[in-house]
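Structural description and commentary
Below are the chains, spelled out letter by letter.
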Amino acid sequence: EELVAKAIAPVKVEYLRPPPSSNVVKEKKSRRQLKRERQQEQKSALHICSEVAKSGNVDACRYNKNCRFSHDLDAFFAQKPADLEGSCPFCPYGITCRFSGTHNEKSFEINSLNKDLQKLLWKNKVSFPKANAQLKLLGLPSRSLKKAKDISLKPHPRERKLIDFRGKLYLAPLTTVGNLPFRRICKASGADITCGEMAMCTNLLQGHASEWALLRRHSSEDVFGVQICGAYPDTIARTVELIDRDCLVDFIDINMGCPIDIVVNKGAGSCLLTKPMRMKSIIQAASCIINKPLTIKVRTGYFEGRNRIDSLISDISDWGASALTIHGRSRQQRYSKLADWDYIYQCARKAPDALQVLGNGDICSYLDWNKHSADCPELSSCMIARGALIKPWIFTEIKEQRHWDISSEERFNILKDFVHFGLEHWGSDTKGVETTRHFLLEWLSYTCRYIPVGLLDVIPQRLNWRPPCYYGRNDLETMMASDSAADWIRISEMLLGKVPEGFTFAPKHKSNAYDRAENG
């Protein structure tokens, strides 16, 4: 009880161990040094031309000697890392593929950025007649010089397609770690609804390939939405029209709750909570362009102790939103303290029947899910975020109504599936292998917080508990419990082979980092 009161996980005494001694941190490389290393790497024979790689023919590239990539096949094969075990999951990479098995050239992903569309976006030559007409109808300023025909847009309310969120297991959009391979893991574990990572509207409109990659959808994602973030009605309206026209999605979610400084300082994310009239303009402009559901994700308010969503919830429905997800924290709280579910219940009870309300925050077991569903029948469903990162089998636990004492071997098989999905998504060449490794390490920085059911004196685990240092029931379970990036690296090497020379890793969400020079 004393440990729980201090938010320390009550691990059984026989499994506890003293914390490991900390490594001495050596001096980090300067930006200039890192830039110089990147430039040298680009000149390497391993950076072979993609056309030459696909065909194995040095004459395949139309740029010939003017190509900025290497055409030296002998040098490439001399430096190419050893192949990985297994067969290639999906491969357009030719000789750069790290597998010697059979190549499978069929992909099951959609919503890729078309090259012709990308060029038009680069040149600002894509027209948005629906968005421009709706902005004009609402009397909102448009920052585009193009004129569009004035067309009638708003569908009859009964024509708008709806999604019934009630009782569905909804995986939250998660920045960095909510990638397509991770969503496939969650779908296999029982998630009903998935949503892509937050994409910035301006980057989508400018044709940034890395931002469009966030809209990719796998065929297993039967109910799938994308989340976008922007500061102005015209930007969001055009993005909604673009996605509706060029992507296959079931709903579009607008993020009005992101607490990250770089987003808030641009007037987007949770900054919009301080500007209700801007919220109104955005929702009205976007909702009338599409007949798919438009959903909104918010926090309780901007400042702690000054909640405001309850006063806006009827308006949000009137403006055209089909569903509203409330994260039970303010922007100022970020992810500290527990989520305020009483306030989420209050908002759900005030919401009109036409607006589905979902809660979000601190769900880490089927008992958490059951409690919120029982405490507030007006709540349509709950969105699961960090709980799924720590243990993606939470969806199985909810559907089967049990605490799963999953073994380390079963957990390792899930990591194997993630790696397979990652190589299929990011590629099976060296770049794809290392991208898969990077996102695997980001995910491992969350999974290490999971404490096996059989090791706890009190179940279930709470999301705010800090795990003490402990031994697992076998060496693999002990390694998986480590918060040392060096151990995460070892797990990645068990799946993807040795890391490259000079490899470094620092997870986005905390300072714990790995550097070969520091960790030996």
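Computed from a prediction, not measured in an experiment: that's the story for all the values here.

Let's shift gears to the overall build of the protein. The secondary structure content of the protein amounts to 22 helices and 13 strands. With 520 residues in all, the protein has 53% of them scored as buried. Summarising the internal contacts of the protein: among those between residues at least 6 apart in sequence, 70% fall at separations of at least 24. If you sum the accessible surface of the protein, you get close to 25200 Å²; carbon and sulfur atoms cover 50% of it.

Across the six residues of strand β7 (residues 251-256), six count as buried, placing the element largely inside the fold. Here β7 shows no split at all, with Phe251, Asp253 and Asn255 on one side and Ile252, Ile254 and Met256 on the other all buried. Sheet analysis places strand β6 (residues 224-229) next to β7, joined by four bridges and oriented parallel. Within the sheet, the bridge partner assigned to Val226 lies in β7 and is Ile252. Since β6 and β7 lie parallel, the crossover through helix α10 (residues 233-246) that links them has a hand, and here it is right-handed. Sheet topology places β7 next to strand β8 (residues 294-299); five bridges connect them, and they run parallel. Bridged to Asp253 within β8 is Thr295.

Here the focus is the UniProt feature "zinc finger region: C3H1-type" (unreviewed entry) in the protein. Mapped onto the present numbering, the UniProt feature "zinc finger region: C3H1-type" (unreviewed entry) falls at residues 48-74. The straight-line gap between the two end C-alpha atoms of residues 48-74 is 11 Å; of that span, 30% is helix and 0% is strand.

Bringing a positive patch on the surface into the picture now. Positive charge collects at one region of the surface, where Arg62, Lys115, Lys119, Lys123 and Lys125 lie side by side. Summarising the element assignment, Lys119 is placed in helix α5 (residues 115-122). Its relative accessible area of 46% is what places Lys119 among the partly exposed residues.

Below, the discussion takes up the confidence of the model for the protein. Summarising the model, the protein shows a mean pLDDT of 87, and 88% of its residues fall at 70 or more. Counting contacts from residues 145-158, a segment whose pLDDT is below 50, to residues more than four positions away or on other chains yields 24 contacts. When the criterion is pLDDT under 50, residues 511-520 qualifies, and its contacts beyond four places in sequence or with other chains add up to 35 contacts.

With that settled, consider the pattern of salt bridges. For the coordinates displayed, the defined rule picks out 26 salt bridges. Residues Asp222 and Lys187 are paired through a salt bridge, measuring 2.6 Å at the closest nitrogen-oxygen approach. Of this pair, Asp222 sits in the loop between β5 (217-218) and β6 while Lys187 sits in helix α7 (residues 180-189), placing them 35 residues apart in sequence. Linking Lys350 and Asp310 is a salt bridge whose minimum nitrogen-to-oxygen distance equals 4.0 Å.

Scanning all chains against the criterion turns up eleven aromatic pairs. With a centroid separation of 5.0 Å and an interplanar angle of 90°, the aromatic rings of Trp393 and Tyr450 are classed as edge-to-face. Note that Trp393 is positioned in the loop between α16 (386-390) and α17 (394-400) and Tyr450 in the loop between α19 (430-447) and α20 (475-480), a separation of 57 residues in sequence. The burial state of Trp393 is the same as that of Tyr450; both residues are buried. Aromatic pair Trp426 and Phe439: ring centres 4.7 Å apart, planes at 10°, arrangement stacked.

A few words on helix α21 (residues 485-496). Between its terminal C-alpha atoms α21 stretches 16 Å, which fits the 16 Å expected from twelve residues at 1.5 Å a residue. With ten of twelve residues buried, α21 lies mostly within the body of the structure. Within α21 the residues assigned to the buried category are Ala485, Ala486, Asp487, Trp488, Ile489, Ile491, Ser492, Glu493, Leu495 and Leu496. Just downstream of α21, Gly497 is the residue with a positive phi angle, here 80°.

Our focus in this paragraph is the environment of Leu204. Relative to the helices and strands, Leu204 resides in helix α8 (residues 201-205). C-alpha separation for the pair Leu204 and Leu121, spaced 83 residues apart in sequence, amounts to 8.6 Å. Excluding residues within four positions of it along the chain, Leu204 makes contact with Leu121, Ala199, Glu211, Trp212, Leu215, Ile228, Thr239, Leu242 and Ile243.

Attention shifts here to the side chain of Arg437. Within the element layout of this structure, Arg437 appears in helix α19. Its relative accessible area of 0% is what places Arg437 among the buried residues. Side-chain polar atoms of Arg437 contact the backbone oxygen of Lys498, separated by 3.2 Å. Look past the residues within four positions of Arg437 in its chain and what remains in contact with it is Ser492, Glu493, Leu496, Gly497, Lys498, Val499 and Phe503.

Time to look at the pairing of β6. When a strand is regular, its side chains alternate between the sheet's two faces. For β6, the buried fraction is high: six of the six residues fall into the buried class. In β6, alternate side chains face the same way, and those of Phe224, Val226 and Ile228 on one face and Gly225, Gln227 and Cys229 on the other are all buried. Examined bridge by bridge, strand β3 (residues 194-195) and β6 share two bridges and lie parallel to one another. Residue pairing for β6: Thr194 is matched across the bridge by Phe224. The sheet contact formed by strand β4 (residues 199-200) and β6 spans two bridges and is parallel. What sits directly across from Met200, in β6, is Cys229.

This part takes up the packing of α19 against α21. At a minimum axis separation of 10 Å, α19 and α21 run at an interaxial angle of 140°. The angle between the axes of α19 and α21 places the two elements in the oblique class. In the crossing of α19 with α21, the sense of the turn from one axis to the other is right-handed. Residue-level inspection shows Val433, Thr436, Arg437, Leu440, Leu441, Leu444 and Ser445 of α19 in contact with α21, the latter providing Trp488, Ile489, Ile491, Ser492, Glu493, Leu495 and Leu496. Counted by class, the contact of α19 with α21 contains nine nonpolar, three polar and two charged residues.

Conventions adopted
Residues numbered from 1 in each chain as written. Predicted model: local features only at pLDDT ≥ 70, side-chain atom pairs only at ≥ 80, totals over all residues. Heavy atoms only, no water. Helix = DSSP H or I, 4+ residues; strand = E, 2+ residues; numbered from the N terminus. Buried < 20%, exposed > 50% of the residue type's maximum accessible area, 1.4 Å probe, protein only. Contact = heavy atoms within 4.5 Å. Areas by Shrake-Rupley, 256 points an atom, 1.4 Å probe, with all protein chains shown as cover. Pairing = 2+ DSSP bridges. Right-handed = clockwise from strand over helix to strand, strands pointing away. UniProt positions renumbered as here; feature names shortened; annotations may be inferred. Patch = residues over 30% accessible without salt bridge, like charges linked within 9 Å, V, L, I, M, F, W, Y side chains within 5 Å. Salt bridge = Lys/Arg side-chain N within 4 Å of Asp/Glu carboxyl O. Lys, Arg positive; Asp, Glu negative; His and termini not counted. Charge placed at Lys NZ, Arg CZ, Asp CG, Glu CD. pLDDT = per-residue confidence, 0-100. Phe/Tyr/Trp six-rings, centres within 6.5 Å; stacked < 30°, edge-to-face > 60°. Expected span 1.5 Å × (residues − 1). Polar contact = N/O pair within 3.5 Å; in protein donor to acceptor, adjacent residues only side chain to side chain. Axes fitted to C-alpha atoms, helices over the stretch in contact; angles between N-to-C directions. Parallel < 35°, antiparallel > 145°, perpendicular 65-115°, else oblique. Left-handed = near helix turned anticlockwise from the far one by under 90°. Nonpolar A, V, L, I, M, F, W, Y, C, P; charged D, E, K, R; others polar.

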